[in-house]
Amino acid sequence: MDLTGLIDVLQRYVFNIANIQGMLRLATPIILAGLCALITDRAGILNIAGEGMILFGAWFAVAGSYFFESNVVGLIGGILSGLLVGGLFALFSLKFRANIIVMGIAINIFATSATIFLTRAVWHIAGSFSDARIQGFDPINLPIIKDIPVLGPILSGYTFPVYLSWILIILTAIFLYRTPWGLHLRAVGENPQAAETLGINVGLVRFLAVMASGVFAALAGVYLSLGHLQGFVDNMAAGRGFIGMAVNTFAGGAPLGVFLSSLLFGFVDTIGFRLQAERIIPIYFISMLPYLVTLAALTIFTVRHQRAARVKMQKVAAEKAAA
Amino acid sequence: MASVTASFTKSLQRNMGYLFKRSLSIILSILLAVLVGSLIMIWYKQDPIEIYKQLLIGAFGSPRGLFITMQRATPLIFTAISSTLAFRTGVFNVGVEGQFFIGAITATFVGYAVHLPTVIHLPLTIFAGFLGGAAWAYIPTIMRQKLGVSEIITTIMTNYIATFLISWLTNYPMRATPTVAETPFVQPTATLPQFVDINPLIGKGTQAHVGIFLAIALVAIMYYIFKRTKLGYEWRMVGLSSLFSEFGGISLNKTFIGGMLISGGIAGIGGAIEILGVWRKYKDLFALGFGFKGNLASLLGGQTILGSTFAALFYGGMESGSLGLEWSAGVPRQLIDIVVGLIIFFMAAEGMWDLLKRVKWARAGEPVRRTTENLEV
């Protein structure tokens, strides 16, 4: 195959506008799950309940949208469930001193069963539920921007939660680095004793951080059930809560980093869809991709991280020896 | 001598006090969860007392119910013990689910592809399950020990990979019939007999099998290892404080890796035994959740060997009871998972039971102790 042939293949299957759009779309739940992990991580809490919070968010968004035939109520329902689950999680693990990992494991398994139960109890359906009454989010064409060549189709034409995730990335960055509250949060995460000495209410900051993480995760659920699909599917979070944790690890707790590393997963998902249509390899291996990529990326990231740390140590040692 | 006896009695009293408080909080947790469960049932327009009664009668009220309970509890005992071993060594192995099913599929393969006399074939097949489960636990273990990657993310990822890998295996290379995605039957030399095979009167109408004896043997062995051997001591100590253990001369690497691989292996044996005893072939997605329920049972049992065994039996009983309930009253069986989850939430929330203490202190006129323990998460 010559070079033009290769470029042609790459353009057709990998780098085209449809794929970039797919990447940005499918990155959305990962971005929001990443923010869920980020906000608790920066407060010094290991929150592994993101997966369960996403499921509850997705279910309550569908319920709100179904009963009121309004996507706004769906969104509100999702957010309220995030506040509720986040609040209960914080109450039990922070106030009642339940082991936070035990609580996280239990909530994730609980959420799977509870949402299946609720679907069966409310709509008498098992597996997946969709209905004409569920109002999802329609694509929004941004005025002016949509007419710009190339950039227009890349930036315009997504559903509301996609834009919301971008806005939340920016807001989180501003909050973390430009507001006193963000400073408090980071202080609590880095050294809770020192923060307490400074008069920061460590317990309160952590409580609010967990509640915020509940809202972020619930929004990921809202996107899945009202933005991506229009309905609820059992276990529809599909490990995204944990991929969000991985994404936050790559980003080192930085919002922009979360956005960029989420794009990788959006890209992998999109390529998966293309490969699926081509029927080159069995679908099961394509479905495995996001999880394999998470493992591979975690490995590569940690190896590089450790190597960098070692080089730095050696440098410091050399400088000391020279002095 | 007298002083020794006195101190012994004193420590016994203190322990009894702790045990009493702990069992009180467990009983209250169960009551509270049952209460919340009742509210859900009332919302579901069902009579809670009737439902709970049927659950218990279905699970423990008849010989048939008891045999179904036994059959349901068998795999859960394996996954619960597997989780407990990992949790106690300080590893949050939430990959028991994947390890269970990989163990099941490797055992299925050895079960149908190899021809040997029973004496060799059956142990070999079960050992294949052990190897499968241990191999599946290997990658997350190494990633944690060598790279420091949290095992919670990696074990969950391997669960998903296991599900899709097995779907591919049962759909393509190991598929027996063009109509259904399932493997051939395992050879009769590798199956574990069901009670009805031995005597048609025992366990009639159930699939309960002799695997339960293997489960009990496992519990006995693990209990002995934990209580009486150096290995068990090292596992427990590493789980309590890894730094202290290393200082005391325990090799952390060896203990962690060994504990995690054996944990995966036990889950794999559970998968093997479920296939050899109940299904005798691997049908794609024949059941899910054995591993997660094992995680829950371990947490329910306070992460002790005996506790998680009883929790697994209890969980199996509730599943057996909910089967009948689903048929007769149309109550989704997930309700059981909800109630079990609630019990765990309330049990784990130690601080919630401080309220009881506070009331007592207040009555005694003592000031309420304010703790900063919740600062350290």
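Since the structure is predicted, the reported quantities are computational estimates derived from the model, not experimental observations.

*Asks:* Looking at this structure, I do not really get the overall build of chain B. What am I missing?
*Replies:* For chain B, the count of helices and strands is 15 helices and 0 strands. Once local pairs closer than 6 in sequence are excluded, the contacts in chain B between residues at least 24 apart make up 76%.

*Asks:* What exactly am I supposed to notice about the overall build of chain A here?
*Replies:* Within chain A, the secondary structure is distributed over 13 helices and 2 strands. In terms of C-alpha radius of gyration, chain A reaches 21 Å, essentially the compact-globule figure of 20 Å for 323 residues. The principal-axis extent of the C-alpha atoms belonging to chain A is close to 65 × 60 × 40 Å. Out of the 323 residues in chain A, the part that is buried amounts to 48%. Pairs at least 24 apart in sequence give 74% of the contacts found in chain A among residues at least 6 apart.

*Asks:* How should the nonpolar core be read in this particular structure?
*Replies:* A general feature of soluble globular proteins is that nonpolar side chains tend to end up buried together. Leu32(A), Ala58(A), Met103(A), Ala106(A), Phe216(A), Ile81(B) and Ile344(B) are the most contacted members of the largest nonpolar core, which has 198 residues in total. When residues of this core are assigned to their parent elements, the largest contribution, 17 residues, is made by helix α10 (residues 202-228) of chain A. If sequence neighbours within four positions are ignored, Leu32(A) has contacts with Ser165(A), Phe216(A), Ala217(A), Leu219(A), Ala220(A) and Tyr223(A).

*Asks:* What's the story with the interface of chain B and chain A in this structure? I'm lost.
*Replies:* Interfaces are frequently sized by the accessible area removed from exposure as the parts join. Each side of the interface is counted separately: chain B has 39 residues, and chain A has 44 residues. At the level of secondary structure, the elements contributing two or more residues to the side of chain B that touches chain A comprise α5 (118-147), α6 (151-171), α12 (290-300) and α14 (334-348) of chain B. Top contributing element to the side of chain B that touches chain A by residue count: α6(B), with 10 residues. A breakdown of the residues in the side of chain B that touches chain A according to their chemical character gives 28 nonpolar, 8 polar and 3 charged.

*Asks:* Can you help me understand α14(B) in this one?
*Replies:* Every α-helix carries 3.6 residues per turn, so stepping three or four residues along brings you back to the same face. The terminal C-alpha atoms of α14(B), which comprises 15 residues, lie 21 Å apart, in line with the 21 Å expected from a rise of 1.5 Å per residue. Across the 15 residues of α14(B), 15 count as buried, placing the element largely inside the fold.

*Asks:* Before we go on, may I ask you to explain unusual backbone geometry in this structure?
*Replies:* Most peptide bonds are trans, and most residues other than glycine sit at a negative phi. Residues and elements named next belong to chain A. Its identity is not glycine, yet Glu69 carries a phi of approximately 50 degrees, on the positive side. With respect to the helices, strands and loops of the structure, Glu69 is situated in the loop between α3 (50-68) and α4 (71-95). Look at His124: it is not a glycine, yet its phi comes out positive at around 55 degrees. One can find His124 in the loop between α5 (100-123) and β1 (128-129). The class for His124 is exposed, based on 10 C-beta atoms found within 10 Å.

*Asks:* Even after reading the chapter, I still don't get the packing of helix α3 (residues 63-88) of chain B against helix α8 (residues 211-228) of chain B, so can you show me in this structure?
*Replies:* Angle between the axes and distance between the axes are the two parameters that describe a pair of packed helices. Residues and elements named next belong to chain B. Packing of α3 against α8 leaves a shortest axis separation of 9 Å and a crossing angle of 25 degrees. What the angle tells us is that α3 and α8 run roughly parallel. As α3 runs across α8, the sense of the crossing is left-handed. Contacts from Met70, Thr74, Ile77, Phe78, Ile81 and Leu85 in α3 reach Gly211, Ile212, Ala215, Leu218, Val219 and Met222 in α8.

*Asks:* Could you clarify how one ought to interpret the confidence of the model for chain B in this entry?
*Replies:* Regions with low pLDDT should not have their predicted coordinates read in detail. All names here are of chain B. Per-chain confidence: chain B averages 85 in pLDDT, with 89% of residues scoring 70 or above. Per-element confidence in chain B ranges from a low mean pLDDT of 61 for helix α15 (residues 354-364) to a high of 94 for helix α4 (residues 96-113). Residue range residues 365-377 is modelled with pLDDT below 50. Its contacts to residues more than four positions away, or to other chains, number 15 contacts. Overall fold confidence (pTM) sits at 0.88, and the ipTM for the predicted complex is 0.88.

*Asks:* Can you help me understand the packing of α3(A) against α5(A) in this one?
*Replies:* Residues and elements named next belong to chain A. Where α3 meets α5, the closest approach of the two axes is 7 Å, and the angle between their N-to-C directions is 20 degrees. When the axes of α3 and α5 are compared, the pair comes out roughly parallel. Crossing handedness for the pair α3 and α5: left-handed. Only Ile107, Asn108, Phe110, Ala111, Thr112, Thr115 and Leu118 of α5 make contact with α3, whose side of the interface consists of Glu51, Gly52, Leu55, Phe56 and Trp59. Looking at the contact of α3 with α5, its residues break down into 7 nonpolar, 4 polar and 1 charged.

*Asks:* Explain the environment of Phe117(A) to me, please; I cannot follow it from the model alone.
*Replies:* Locating Phe117(A) in the fold gives a position in helix α5. Spatially, the C-alpha atoms of Phe117(A) and Leu289(A) are 30 Å apart, while their sequence positions differ by 172 residues. The residues contacting Phe117(A), other than those within four sequence positions of it, are Pro332(B), Gln334(B), Leu335(B) and Ile338(B).

*Asks:* Quick question: what am I supposed to make of the environment of Gly252(A) here?
*Replies:* Residue and element names in this part refer to chain A. Within the secondary structure, Gly252 is located in the loop between α11 (240-251) and α12 (255-278). Gly252 gets classed as partly exposed once you count the C-beta atoms within 10 Å, which come to 13. Sequence-wise, Gly252 and Ile79 are 173 residues apart; in three dimensions their C-alpha atoms are separated by 26 Å.

*Asks:* How should I be thinking about the environment of Arg280(B) in this particular structure?
*Replies:* All names here are of chain B. Structurally, the position occupied by Arg280 is in the loop between α11 (252-279) and α12. Among the residues examined, Arg280 registers 21 C-beta atoms within 10 Å and is labelled buried. For the pair formed by Arg280 and Tyr112, sequence separation is 168 residues and the distance between their alpha carbons is 9.3 Å. Every residue in contact with Arg280, bar those within four places of it in the chain, is listed here: Phe185, Val186, Thr191 and Ile275.

*Asks:* Is there a simple way to explain helix α7 (residues 160-178) of chain A in this structure?
*Replies:* All names here are of chain A. For α7, spanning 19 residues, the distance from its first C-alpha to its last is 26 Å, which sits close to the expected 27 Å at 1.5 Å a residue. For α7, the complete set of buried residues consists of Pro161, Val162, Leu164, Ser165, Leu168, Ile169 and Thr172. Summarising the axial view, the buried residues of α7 lie within an arc of 150 degrees, below the 170-degree limit, and thus occupy one face. Within α7, the exposed residues directed more than 90 degrees away from the buried face are Ile167, Ile170, Ile174, Tyr177 and Arg178. At its buried positions, α7 is contacted by α2 (17-42), α10 and α12.

*Asks:* What exactly am I supposed to notice about the confidence of the model for chain A here?
*Replies:* On average, residues of chain A score 88 in pLDDT, and 98% of them are at 70 or above. Within chain A, the lowest mean pLDDT, 73, falls on helix α1 (residues 3-13) of chain A, and the highest, 94, falls on α3(A).

Definitions and cut-offs
Residues numbered from 1 in each chain as written. Chains lettered and ligands numbered in written order. Predicted model: local features only at pLDDT ≥ 70, side-chain atom pairs only at ≥ 80, totals over all residues. Helix = DSSP H or I, 4+ residues; strand = E, 2+ residues; numbered from the N terminus. Contact = placed C-beta atoms within 7 Å. Rg over C-alpha atoms; globule rule 2.2 N^0.38 Å. Buried ≥ 20, exposed ≤ 12 C-beta atoms within 10 Å, placed from the backbone. Core = buried A, V, L, I, M, F, W, Y, C linked by C-beta atoms within 7 Å. Nonpolar A, V, L, I, M, F, W, Y, C, P; charged D, E, K, R; others polar. Expected span 1.5 Å × (residues − 1). Axes fitted to C-alpha atoms, helices over the stretch in contact; angles between N-to-C directions. Parallel < 35°, antiparallel > 145°, perpendicular 65-115°, else oblique. Left-handed = near helix turned anticlockwise from the far one by under 90°. pLDDT = per-residue confidence, 0-100. Arc of directions from axis to C-beta.

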